[in-house]
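Listed below are the residues making up each chain.
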Amino acid sequence: MGEDVDSQEFSRADRTRHREKVRRCLDVFARMLRDSRFDTDDPMTGLEVELNLVDALGDPALRNAAALEAIADPDFQTELGQFNIEINVPPARLREGGLTTFEESLRRSLNDAEAKSAAVGAHLVMIGILPTLTGEHMDPASLSPNPRYKLLSEQILAARGEDISISIDGPERLGTTADSIVPEAACTSTQFHVQTSPADFASYWNASQAVSAIQLAVGANSPYLLGKELWRETRIPLFEQATDTRSEELKAQGVRPRVWFGERWVTSVFDLFEENVRYFPALLPITNEEDPLAVLEGGGTPNLPELRLHNGTIYRWNRPVYDVAGGVPHLRVENRVLAAGPTVADTVANAAFYFGLVRHLAESERPLWSQMSFSAAEENFHVAARQGIEADVYWPGVGQVRATELVLRRLLPMARAGLDAWGVEGAESDRLLGIIEQRCSTGVNGAEWFARRMGERAGEERYDALRATLLEYRGRMHTNDPVHTWD
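Residues numbered from 1 in each chain as written. Predicted model: local features only at pLDDT ≥ 70, side-chain atom pairs only at ≥ 80, totals over all residues. Heavy atoms only, no water.

## Overview of the packing of aromatic side chains
For step 1, the next point in the chain: Going through the model one piece at a time under the given rule, you end up with 20 aromatic pairs.
For step 2, the next point in the chain: Ring geometry for Phe29 against Phe273: centres 4.9 Å apart, planes inclined by 65°, an arrangement best described as edge-to-face. In this pair, Phe29 is assigned in helix α1 (residues 12–35) and Phe273 in helix α9 (residues 269–279), connecting sequence segments 244 residues apart.
For step 3, the next point in the chain: Phe29 sits in the buried class, given a relative accessible area of 0%.
For step 4, the next point in the chain: Where Trp449 meets Phe450, the ring centres are 6.3 Å apart and the plane angle is 70°; that geometry is what we call edge-to-face. Neither Trp449 nor Phe450 differs from the other in exposure class; each is buried.
For step 5, the next point in the chain: Here the aromatic residues Phe239, Phe261, Trp265, Tyr315, Trp317, Phe374 and Phe381 are joined through ring pairs into a cluster of three or more.
For step 6, the next point in the chain: A cation sits over an aromatic face here: Arg256 above Tyr279, 3.6 Å from the ring centre. (Phe/Tyr/Trp six-rings, centres within 6.5 Å; stacked < 30°, edge-to-face > 60°. Helix = DSSP H or I, 4+ residues; strand = E, 2+ residues; numbered from the N terminus. Buried < 20%, exposed > 50% of the residue type's maximum accessible area, 1.4 Å probe, protein only. Lys NZ or Arg CZ within 6 Å of the ring centre and 35° of its normal.)

## Details of helix α7 (residues 235–242)
For step 1, the next point in the chain: Here α7 lies mainly inside the structure; seven of its eight residues are buried.
For step 2, the next point in the chain: The complete set of buried residues in α7 reads Arg235, Ile236, Pro237, Leu238, Phe239, Glu240 and Ala242.

## Concerning the pairing of strand β5 (residues 164–169)
For step 1, the next point in the chain: Here β5 shows one buried face, formed by Ile164, Ile166 and Ile168, and one open face, formed by Ser165, Ser167 and Asp169.
For step 2, the next point in the chain: Of the pairings in the sheet, the one linking β5 to strand β6 (residues 173–178) comprises six bridges and is antiparallel in character. Within β6, the residue paired with Ile164 across the bridge is Ala178. (Pairing = 2+ DSSP bridges.)

## Thoughts on the packing of helix α6 (residues 198–219) against helix α13 (residues 374–387)
For step 1, the next point in the chain: For the pair α6 and α13, the least separation of the axes is 7 Å and the interaxial angle reads 25°. The angle between the axes of α6 and α13 places the two elements in the roughly parallel class. The handedness of the crossing between α6 and α13 is left-handed. Within the contact between the two elements, α6 uses Trp205, Gln209, Ser212, Ala213, Leu216 and Ala217 and α13 uses Phe374, Asn380, Phe381, Ala384 and Ala385.
For step 2, the next point in the chain: Here the residues of the contact of α6 with α13 sort into eight nonpolar, three polar and no charged. (Axes fitted to C-alpha atoms, helices over the stretch in contact; angles between N-to-C directions. Parallel < 35°, antiparallel > 145°, perpendicular 65-115°, else oblique. Left-handed = near helix turned anticlockwise from the far one by under 90°. Contact = heavy atoms within 4.5 Å. Nonpolar A, V, L, I, M, F, W, Y, C, P; charged D, E, K, R; others polar.)

## What about the environment of Arg431?
For step 1, the next point in the chain: When you line up the elements, Arg431 lands in helix α15 (residues 426–442).
For step 2, the next point in the chain: Residues Arg431 and Ala345 lie 86 residues apart in sequence; the distance between their C-alpha atoms is 9.9 Å.
For step 3, the next point in the chain: Excluding its chain neighbours within four sequence positions, the residues that come into contact with Arg431 are Thr100 and Glu103.
For step 4, the next point in the chain: At 2.9 Å, the side chain of Arg431 forms a polar contact with the side chain of Glu103. (Polar contact = N/O pair within 3.5 Å; in protein donor to acceptor, adjacent residues only side chain to side chain.)

## Here's the deal with the nonpolar core
Generally speaking, soluble globular proteins have nonpolar side chains that are buried together.
For step 1, the next point in the chain: Counting residues in each nonpolar core, the largest one holds 151 residues, and the members touching the most others are Leu99, Phe353 and Phe355.
For step 2, the next point in the chain: Here this core takes 13 residues from helix α12 (residues 344–362), the largest share from any one element.
For step 3, the next point in the chain: When near neighbours in sequence (up to four residues on either side) are disregarded, Phe353 contacts Ile214, Val218, Val407, Leu411, Leu412, Ala415, Leu433 and Ile436. (Core = buried A, V, L, I, M, F, W, Y, C linked by side-chain atoms within 4.5 Å.)

Take a look at the structure:
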């Protein structure tokens, strides 16, 4: 979303000035990629998790301000909807036991936060879409009272010129409209960050794109929205539609969407930032006083605030990140594919699988993306989002294959080799990748478990069944037993 901004209106002059400044930032970024020393010696990894809030009955609790006040921990932050919060786990090095550190830190923080937020009537749930949301929650009043969210909503609706339309077909069909971006708040995700050098960035991004479908297949956790059973990872079509700035006419003309898988393999991180500037008008044309060229020529590191804010309003599933820490610039791939949950153990197992697999593929002598069309990767992505753990995908050298079989026979050994390259202890790798293995062997991930439980409650009123299943889910979530063991 970018940094906090004040509520304001933008003139035509503001937009012209901002465009010029973004392009100046892009020129300086290109020069930095050639000449500057980026922080690459000992890369960090990171983890963020977005959470939902529910009351004692399992209904959405629009109490994030009260919950955050009670939690009183700077690692927890507001999110788009009043029924969301986010935790940013401190970054870690995998070779220093980072995966176990993530797990222990996340469990400790969430247990403490649950105890405090429960006192104000808000319980934490790690799930991709809160299944007990109703149409009444899809109202601008559900947005968090942060000026940036209201401003972003206004700008997206103004760009569209009409209400947002949501249409998703699955086992059931949903069709609805919204006059704000609050449907986006229904999507809560887990975000993995992997730091990389400018020279290696394209390989890590391409690898992340190629494995996104596999992540979705084994980690899907969003089967219900507004009382309807839809895709196994309904976050994907919902997010794509909820932040779409295009009218139907612009879609027909082939204008690119802001929630974007992309359209090609890249050769440099510059490709992605340049595409952002070339294809997408600014949603928040806020101009900073920094002169990036003067800062660079003066021996400093420019923050490039306009380029970063613009990047934050283009929602690639694998997003490039430029950041500065301790006066030194660095680059990260932000992997935004997966839903939150179901448990901390599942979340960290997903992290181990992602970090290991992308490391192995990025460093392979023959890149996977040289053997696979980009369109095949994109088709895999949407098939996996729709079908979840039962998805069939295309893979070079194999052809069409069940995603779980591909993971068991080929990808888990690759992920293990990648974790070895990161310096992860063997026992840590075995434990976490074993969760992925068992998920594939049993055919049970979060979405599958939830849909099966709902099938057992088919005779009940839909929302009564959703509440009962969600409360059972929340109870099992607190055990930290991986979801494949729940049946």
